[in-house]
Amino acid sequence: EPGVIEGSLWDNLTLLCDVQPPRERVMELCGRLGLGRLVDESPKGLDTMVDGTHASLSGGEKQKVAIIRMLLEDPKVMLMDEPSSALDAKSIDSLVGILGQLKKDHLILLVSHDDRLIDACDHVIRL
């Protein structure tokens, strides 16, 4: 399960960023990956506090936070281990679309049992 630090949702999403991204970019990714409702329904939005030790976020929400962290950091090589394991079908479809755009100029290595992710890959090695 992806780690969450005690702090705001914004702190968790931008944890890996050397330079703070525009809030619009963070909100766009939240919306695309299904965290938009959580942000919109919280009175403090991205400033909502989350607890790193308690279940303030579901497993799927933590997974989405971890994916957004990586996307905001924008490394040229992305390593993903079962990125869809805790995601709903709509979020998986969004992730496939995002990765489809990124693979044009990023190297993405992922491990998955999810056929939707596997089908989107250029090269597949089955073990």
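So, a few notes on the structure that sits alongside this text. On a predicted model such as this, the values are computed, not experimentally measured, just so you know.

Analysis parameters
Starting from 1, residues in each chain are numbered consecutively following that chain's sequence as written. Given that this is a predicted model, residues contribute local features only at a pLDDT of at least 70 and side-chain atom pairs are listed and counted only at 80 or more, while totals for whole chains, interfaces and linings are drawn from all residues. Hydrogens and water molecules were not included; the side-chain quantities draw on all heavy atoms of the structure. In this analysis an axis means a line fitted to C-alpha atoms, helices contributing only their contacting stretch, and an angle means the value between N-to-C directions, from 0 to 180 degrees. For the purposes of this entry, the term helix denotes a DSSP run of H or I that reaches at least four residues, the term strand denotes a run of E that reaches at least two, and both are numbered from the N terminus. Note on terminology: angles under 35 degrees are roughly parallel, angles over 145 are roughly antiparallel, angles of 65 to 115 are roughly perpendicular, and the others are oblique. Each helix crossing is assigned a hand: it is left-handed if the near helix lies turned anticlockwise from the far helix by less than a right angle, otherwise right-handed if that turn is clockwise. Only heavy atoms enter the contact rule, under which two residues are in contact if any of them lie within 4.5 Å. Three classes are used, and their members are as follows: Ala, Val, Leu, Ile, Met, Phe, Trp, Tyr, Cys and Pro are nonpolar, Asp, Glu, Lys and Arg are charged, and the others, Gly among them, are polar. Salt bridges are defined as contacts in which a side-chain nitrogen from Lys or Arg sits within 4 Å of a carboxyl oxygen from Asp or Glu. Burial here depends on accessible area, computed with a 1.4 Å probe over protein chains only, as a share of the maximum for the residue type. Under 20% is buried, over 50% is exposed, and the range in between is partly exposed. Only buried residues count toward a nonpolar core. Its members are Ala, Val, Leu, Ile, Met, Phe, Trp, Tyr and Cys residues joined through side-chain atoms within 4.5 Å. Criterion used throughout: strands pair if DSSP finds at least two bridges between them.

For the rest of this paragraph, the subject is the packing of helix α2 (residues 23-33) against helix α4 (residues 59-73). Viewed as axis vectors pointing N to C, α2 and α4 meet at an angle of 140°, and their least axial separation amounts to 10 Å. Classified by the interaxial angle, the pair formed by α2 and α4 is oblique. The element α2 and its partner α4 pack so that their crossing is right-handed. Note on element contacts: α4 touches α2 through Lys64, Ile67, Ile68, Leu71 and Leu72, opposite Arg25, Val26, Leu29, Cys30 and Leu33. Taken together, the residues of the contact of α2 with α4 break down into eight nonpolar, no polar and two charged.

Let us look at the pattern of salt bridges. Counting across every chain of the model gives seven salt bridges. Linking Glu28 and Arg25 is a salt bridge whose minimum nitrogen-to-oxygen distance equals 2.9 Å. Here Arg25 and Glu28 lie together in helix α2, a separation of three residues that amounts to about one turn. For Glu28, a relative accessible area of 35% puts it in the partly exposed group. On the basis of relative accessibility, which here comes to 33%, the residue Arg25 falls in the partly exposed class. The shortest N-O distance in the salt bridge between Asp122 and Lys103 comes to 3.0 Å.

It is worth spelling out the nonpolar core at this point. Judged by nonpolar contacts, the single largest core of 29 residues is most densely connected at Leu13, Cys30, Leu46, Ile68, Leu71 and Leu95. If you list the elements that add at least two residues to this core, you get α1 (9-13), α2, α4, β3 (77-81) and α5 (89-102). In terms of residue count, the dominant contributor to this core is α4 (six residues). The contact partners of Ile68, leaving out residues within four places of it in the chain, are Leu13, Leu29, Cys30, Leu33 and Leu35.

Turning to the pairing of β3, a few remarks are in order. Side chains of β3 alternate between two faces, with Met78 and Met80 buried and Val77, Leu79 and Asp81 left unburied. Looking at chain direction, β3 and strand β4 (residues 107-111) are connected through five bridges and run parallel. Residue pairing for β4: Val77 is matched across the bridge by Leu107.

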